[in-house]
Amino acid sequence: MSLRNLLENRLLPPIAVAAVFVSIPWFFPSAYYYRIGALVFIFALAVAGLNLLMGFAGQVSLGHAGFLGIGAYSVAIGPAHFGVPSWLCLFAGAALSAAVAFLVGRPILRLKGHYLAVATLGFGLLVAIVLTNEASLTGGPDGMTVPRLTVFGWSVRGSVIWYWVAGATFVVGFVLALNVMQSPTGRALQAIHDSEIAARVLGIDVARKKLTIFIISAVYASVAGSYLALFNGHVTPDVAGFLRSIELVAMVVLGGMGSILGSLVGAGLLVVLPQTLTIFHEYEQALLGLILIVFMIFLRRGIVPSIAAIISGWRK
Amino acid sequence: MAELLQFVFSGLTVGAIYALVALGFTLIYKASDIINFAQGEFVMLGGMTTVFVAHAGVPLPLAALLAIIATTAIGLGLHRFAIEPARGATSVALIMITIGASIFLRGTAQIVFDRRFHSLPPLLGADPIQFGGAALLPQSLVVLATATVIVVVLWLFIERTILGKAVIATAANRLAARLVGVDTRRIVALSFAVSAAIGAIAGVLITPITLTSYDAGTLLALKGFAAAMLGGIGSAPGAVVGGLLIGMFEALAAGYLSSNYKDAVAFLIILVVLVAIPQGLFGRAKIERV
């Protein structure tokens, strides 16, 4: 394989991410950095799923944290109340999210623009309301502790292990997302994004393709939610809250709609910045809002696609 | 029976507020096709600014007036600095901008004011009026009366003034309006200013009843939006009827079913309306042109 072929290989970005992910811990001075790294990859996973929906299919979801919440509470409630092992709950949560996405998505994905935005927002808030009010199951507003994940007698705990688990899952999710994009469904989705009417005229089952991608993105978010709960060992209804949903959208927009690599960058920035800059932590909401406004006005394509455009401009 | 009457009273009161929020949505949507997710923040800003200005020693009516003026200025600023520069953006991008504005205003309010709940003294005293075995707060009457006045004034403005006609023209067809000499940009700015003012007035009026805090806007915006949608988006009478209905449903659900799930009612209505009657009660079905 020549160098040119290698550079144009679509697996290059995930390979590069994998290389960085494996080598960067050499530079970590303390376990705290593993913790940040794990959080970045967990959020990047959810954002990658949302990006498939927003960036490729052009459908907005302002309630995606609802699926994060379903995943998180699955691994919390399953072991605590029903004695089901955590790893099984993770899959059960993903299946439940897929089922919910199917049921909710079928009617609401027919809607467009702001109608879809409000419907998804309403859905996300409903999940948060249920999680807050069913206190006997969920512990109410204070949340509940999540039993540690045990796989074949091996306890998955601590920042270092979670860094590797989350990172590896993200790389797998990255490759899967690229495959989805290259599949007939992915191409159909891009056609829908460009012109829904033209896509329908071409014989694409628009409603079904949108539903497929909505379900896939829900599963990504659900797995990320389960990881987050297992990693933190504690979960509150905030995980499904309005602000979380907006944070996910901001990560997509910041990194770049339609760029999975951008999802990692967006998640990375919005996870790392509040941890390093105390100013960012204090003014988090105001800055999150400002980022959304500024990017939607001046840098609508997001960071990664903009950089990519500059680089390809140099090559010419 | 007294119980039912009690629920109707409280439903009408919150319903009037939802109606005012929905009117704000409707006005901006009519003029510009933008759904302004920051509409709830106008309500919050009206209440919070009044509380803090009054706390600084300014007499309450003056404080309320200042709060309404300040919120109107913020509404104009939102249009000038976030909506105007993004002209030609897709509806999804515009949604993201107004969501960003909403979070921005919330975050800023949290810093400028604080994170606590605040109240204001009611306008006509706090002693409830007994009526048919149910209690009615005088402030509820103030809310209902003011809502009625705003609706009437707005209607007179739209129907009887030349500027109002320009608003109708802009809503009907922006390009055509511009061709006959309407400055549509100023009309859109006006709609943001008036919506902000209506929101602020609503905020001042409900604070004695429901309290206010920096994050009170989100739920109000969503319920106001549910109201606008139920009534048929873009229809002013629809916004009022939708608001009152949502308030009523909510009060009845809280009374007879579960007060924990009171907030869920509006969202269930949104989902049902969107799926069953997307054009709403008073709206016209939209025919898509290819």
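What you are looking at is a predicted structure, and each value in this text was computed from that prediction instead of being measured.

Chemist: Describe the overall build of chain A, and please don't skip the residues or the numbers.
Modeler: The secondary structure content of chain A amounts to 16 helices and 4 strands. The C-alpha atoms of chain A give a radius of gyration of 19 Å, which matches the 20 Å a tight globule of 316 residues would have. Seen through its principal axes, chain A has C-alpha atoms that stretch 60 × 50 × 40 Å. Looking at chain A residue by residue over its 316 residues, the buried ones come to 50%. In chain A, of all internal contacts separated by at least 6 residues, the share reaching a separation of at least 24 is 78%.

Chemist: An account of helix α5 (residues 86–108) of chain A is needed here, citing residue identities and associated values.
Modeler: Its 23 residues give α5 of chain A an end-to-end C-alpha distance of 32 Å, which sits within 8% of 33 Å, the value for a rise of 1.5 Å per residue. Of all the residues in α5 of chain A, the buried ones are S86, C89, L90, G93, A94, S97, A101, V104, G105 and I108 of chain A. For α5 of chain A, the elements touching its buried residues are α4 (65–82), α6 (113–133), β2 (149–151) and α11 (206–232) of chain A together with α11 (262–276) of chain B.

Chemist: Could you give an account of the interface of chain B and chain A, with specific residues and numbers?
Modeler: Listed by partner, the interface residues are 35 residues for chain B and 33 residues for chain A. Elements represented by at least two residues in the side of chain B that touches chain A include exactly α4 (91–112), α9 (217–231) and α11 of chain B. Broken down by element, the residue count for the side of chain B that touches chain A peaks at 17 residues, all from α4 of chain B. Residue classes in the side of chain B that touches chain A are distributed as 25 nonpolar, 8 polar and 2 charged.

Chemist: Could you give an account of the environment of R106 of chain A, with specific residues and numbers?
Modeler: Position of R106 of chain A relative to the elements: it lies in helix α5. Distance from R106 of chain A to F214 of chain A, taken between C-alpha atoms, is 9.6 Å for residues 108 residues apart in sequence.

Chemist: Which residues make up the nonpolar core, and what values do they have?
Modeler: Among the nonpolar cores identified, the biggest contains 204 residues, and I42, F43, A224 and L292 of chain A together with A19 of chain B are the most heavily contacted of them. The biggest single contributor to this core is helix α3 (residues 31–56) of chain A, with 17 residues. Not counting residues within four places of it along the chain, the set of residues in contact with F43 of chain A comprises A224, M251, A267 and V271 of chain A.

Chemist: Can you lay out helix α8 (residues 184–210) of chain B for me, pointing to particular residues and giving the numbers?
Modeler: Residues and elements named next belong to chain B. Helix length check: α8, at 27 residues, gives a terminal C-alpha distance of 37 Å against a target of 39 Å (1.5 Å per residue), a fit within 8%. Where α8 bends most, the angle comes to about 30°, and this point is V204, followed within four residues by the proline P208. Counting buried positions over the 27 residues of α8 gives 22, a clear majority of the element. Phi turns positive, to about 65°, at L211, one or two residues after α8.

Chemist: Quick rundown of the packing of helix α2 (residues 39–55) of chain B against α4 of chain B? Include the residues and the values.
Modeler: Residue and element names in this part refer to chain B. One way to put it is that α2 packs onto α4 with a least axis distance of 9 Å and a crossing angle of 20°. One way to sum up the angle between α2 and α4 is to call them roughly parallel. Viewed along their axes, α2 and α4 form a crossing whose handedness is left-handed. Residues G40, E41, M44, L45 and M48 of α2 pack against S102, L105, R106 and A109 of α4. Residue classes in the contact of α2 with α4 are distributed as 5 nonpolar, 2 polar and 2 charged.

The rules we used
Residues numbered from 1 in each chain as written. Chains lettered and ligands numbered in written order. Predicted model: local features only at pLDDT ≥ 70, side-chain atom pairs only at ≥ 80, totals over all residues. Helix = DSSP H or I, 4+ residues; strand = E, 2+ residues; numbered from the N terminus. Rg over C-alpha atoms; globule rule 2.2 N^0.38 Å. Buried ≥ 20, exposed ≤ 12 C-beta atoms within 10 Å, placed from the backbone. Contact = placed C-beta atoms within 7 Å. Expected span 1.5 Å × (residues − 1). Nonpolar A, V, L, I, M, F, W, Y, C, P; charged D, E, K, R; others polar. Core = buried A, V, L, I, M, F, W, Y, C linked by C-beta atoms within 7 Å. Bend = angle between axes of the 7 residues up to and from the residue. Axes fitted to C-alpha atoms, helices over the stretch in contact; angles between N-to-C directions. Parallel < 35°, antiparallel > 145°, perpendicular 65-115°, else oblique. Left-handed = near helix turned anticlockwise from the far one by under 90°.

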